[in-house]
Amino acid sequence: MLCEMCGKDVERTSRTRIEGSVLLLCSNCSRFGVVLDPPPAAVVAAGGRLRRPPASPGPQRGASRRSEERDVFSDMGELELAPDWGRRIRSARESRRWTPDDLAKRLNEKRSLVLKLESGNFHPTDALVRKLEHHLGVRLRANPETSP
Ligand SMILES: [Zn+2]
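Read on for a plain summary of the structure. (Residues numbered from 1 in each chain as written. Predicted model: local features only at pLDDT ≥ 70, side-chain atom pairs only at ≥ 80, totals over all residues. Heavy atoms only, no water.)

**Let's talk about the overall build of the chain**
Logical step 1: Along the backbone of the chain there are six helices and three strands.
Logical step 2: Taken across its 148 residues, the chain has 27% of its residues classed as buried.
Logical step 3: Looking at the chain alone, contacts between residues at least 24 apart form 42% of all its contacts between residues at least 6 apart.
Logical step 4: Summing over all exposed atoms, the chain offers an accessible surface of approximately 10300 Å²; the carbon and sulfur share of this is 51%. (Helix = DSSP H or I, 4+ residues; strand = E, 2+ residues; numbered from the N terminus. Buried < 20%, exposed > 50% of the residue type's maximum accessible area, 1.4 Å probe, protein only. Contact = heavy atoms within 4.5 Å. Areas by Shrake-Rupley, 256 points an atom, 1.4 Å probe, with all protein chains shown as cover.)

This is how it looks when you write it as structure tokens:
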């Protein structure tokens, strides 16, 4: 929020009456007037409850670029995979107490492929995504069965 007096970007502003007009001011500037209503914590909490995508594995290069990164993935297959597909595979496998070998056998794939999937280094084909979802009982797609 921008303070209407000094223009500083602050976490919260207060409605402050100064010389007959009411301004939204930072805590520093509001000292020069009469604070009418410090915003209750509930309002701040509600404003912060924006929908955010789950954190993706691997190095984060700034949250603001997340949509660009997702576009890269969607170009590689028909299905739009969730950005954290590797983490979903691993947690589903671990919750079943399967080793990477166990999962590889069920998928009829190599153990090295399972490890690459879980680290996010290998983008599964659509067929493999369906197999993984079937055997692990998880959804790996960002937008399951939605039509535009
Ligand atoms: Zn200010």
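**Quick word on the nonpolar core**
Logical step 1: If you look at the biggest cluster of nonpolar residues, it comprises 18 residues, and the most contacted ones within it are I89, L103, L117, L132, L136 and L140.
Logical step 2: For this core, the element with the most residues is helix 6 (residues 126-136), which contributes four residues.
Logical step 3: L103 has contacts with I89, R93, W98, V114, E118, L132 and L136, leaving out every residue within four places of it along the chain.
Logical step 4: Residues C3, V10, C26 and C29 belong to the second largest nonpolar core, which totals six residues. (Core = buried A, V, L, I, M, F, W, Y, C linked by side-chain atoms within 4.5 Å.)

**Brief notes about the coordination of the zinc ion**
Logical step 1: Looking at the zinc ion, the protein donor atoms are C3 (SG), C6 (SG), C26 (SG) and C29 (SG), and they sit 2.2 to 2.4 Å from it.
Logical step 2: Taken together, the four donor atoms coordinating the zinc ion span angles of 104 to 114 degrees at the metal, a pattern that classifies the geometry as tetrahedral. (Donors = N, O, S within 2.8 Å, 3.2 Å for Na, K, Ca; no water. Tetrahedral: all angles 85-135°; square planar, octahedral: opposite > 155°, others 65-115°.)

**A word on unusual backbone geometry**
Logical step 1: The backbone phi angle of R97 is positive, close to 60 degrees, even though this residue is not glycine.
Logical step 2: Relative to the elements of secondary structure, R97 occurs in the loop between helix 3 (85-95) and helix 4 (100-107).
Logical step 3: The class for R97 is exposed, based on a relative accessible area of 75%.
Logical step 4: Here the phi dihedral of N108 falls at roughly 60 degrees; this positive angle occurs in a residue that is not glycine.
Logical step 5: Looking at the secondary structure, you find N108 in the loop between helix 4 and helix 5 (111-118).
Logical step 6: Given the relative accessible area of 68%, N108 is considered exposed.

**Focus on the packing of aromatic side chains**
Logical step 1: Scanning the model with the defined rule gives zero aromatic pairs in all.
Logical step 2: Above the ring of W98, the side-chain terminus of R96 is found at 5.7 Å from the ring centroid.
Logical step 3: One residue, R106, lies across the ring of W98, its end atom 3.9 Å from the ring centre. (Phe/Tyr/Trp six-rings, centres within 6.5 Å; stacked < 30°, edge-to-face > 60°. Lys NZ or Arg CZ within 6 Å of the ring centre and 35° of its normal.)

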